[in-house]
Amino acid sequence: MDPMDIVGKSKEDASLPKATMTKIIKEMLPADVRVARDAQDLLIECCVEFINLISSESNEVCNKEDKRTIAPEHVLKALQVLGFGEYVEEVYTAYEQHKYETMQDSQRSVKMNSGAEMTEEEAAAEQQRMFAEARARMNGGGGVSVPQPDQEQLDTQQSNLQS
């Protein structure tokens, strides 16, 4: 039975972004090595099949534990069951790094949304600077330096914002 039939999708439904995969392939090889398009397509298909295999085995591990959601531990166990135990430590390290980066991104997002890093006056000045840059680009002055608003302009804008 074709692994794609197990998940109920045709080969056209399950794919990976070609541009991203091509970039990954090229980054892993020396600069002087070229990869034929057919070889790139084959590598992408192998990746899709590997993901299907790991997903299917992770699902089986999950079901054996009477769980309904595949957890990272199920994926790690699936790697071991399928004979990829030597990669478990590296995969776990990558997973931990991903969790850390995701946490950092969400903390940055909270800071940006709360505006804790910028006062209202600074935000208004930044907004005016960005508007002026956009106007300059639209008027054909792409590289022209944009004058910064003075304190009187900022005070006027601030009082306009408050009314």
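For the structure, see preceding data.
Everything quoted here is computed from the prediction, not taken from an experiment.

Conventions we followed
- Residues numbered from 1 in each chain as written.
- Predicted model: local features only at pLDDT ≥ 70, side-chain atom pairs only at ≥ 80, totals over all residues.
- Heavy atoms only, no water.
- Axes fitted to C-alpha atoms, helices over the stretch in contact; angles between N-to-C directions.
- Helix = DSSP H or I, 4+ residues; strand = E, 2+ residues; numbered from the N terminus.
- Parallel < 35°, antiparallel > 145°, perpendicular 65-115°, else oblique.
- Contact = heavy atoms within 4.5 Å.
- Nonpolar A, V, L, I, M, F, W, Y, C, P; charged D, E, K, R; others polar.
- Expected span 1.5 Å × (residues − 1).
- Buried < 20%, exposed > 50% of the residue type's maximum accessible area, 1.4 Å probe, protein only.
- Arc of directions from axis to C-beta.

Enquirer: Can you walk me through the packing of helix H2 (residues 18-28) against helix H3 (residues 37-64) in this structure?
Expert: A pair of packed helices is characterised by two quantities: the angle between their axes and the separation of those axes. Here H2 crosses H3 at 105°, and the two axes come no closer than 10 Å. Between H2 and H3, the angle falls in the class roughly perpendicular. Residues Lys 18, Met 21, Thr 22, Ile 25 and Lys 26 of H2 lie in contact with H3, whose contacting residues are Gln 40, Asp 41, Leu 43, Ile 44 and Cys 47. Residues that form the contact of H2 with H3 fall into these classes: five nonpolar, two polar and three charged.

Enquirer: Looking at this model, I keep getting lost on the packing of H3 against helix H4 (residues 72-81). Mind explaining?
Expert: At a minimum axis separation of 8 Å, H3 and H4 run at an interaxial angle of 110°. Classified by the angle their axes make, H3 and H4 are roughly perpendicular. Where H3 approaches H4, its residues Phe 50, Ile 54, Glu 57, Ser 58, Val 61 and Cys 62 are matched on the opposing element by His 74, Val 75, Lys 77, Ala 78, Leu 79 and Val 81. Looking at side-chain class alone, the contact of H3 with H4 contains eight nonpolar, two polar and two charged residues.

Enquirer: Even after reading the chapter, I still don't get the environment of Val 61, so can you show me in this structure?
Expert: Mapping Val 61 onto the fold places it in helix H3. Sequence spacing of Val 61 and Val 81 is 20 residues, and the spatial spacing of their C-alpha atoms is 9.2 Å. Residues contacting Val 61, with those up to four places away along its chain left out, are His 74, Lys 77 and Ala 78.

Enquirer: I would appreciate a short explanation of helix H6 (residues 120-138) in the present structure.
Expert: For H6, built from 19 residues, the straight-helix expectation of 27 Å at 1.5 Å per residue is met to within 8% by its first-to-last C-alpha distance of 27 Å. When H6 is considered as a whole, its buried residues turn out to be Ala 124, Ala 132 and Ala 136. For H6, the angular spread of buried residues about the axis comes to 110°, placing them on one side. Those residues of H6 that are exposed and aimed more than 90 degrees away from the buried face are Arg 137 and Met 138.

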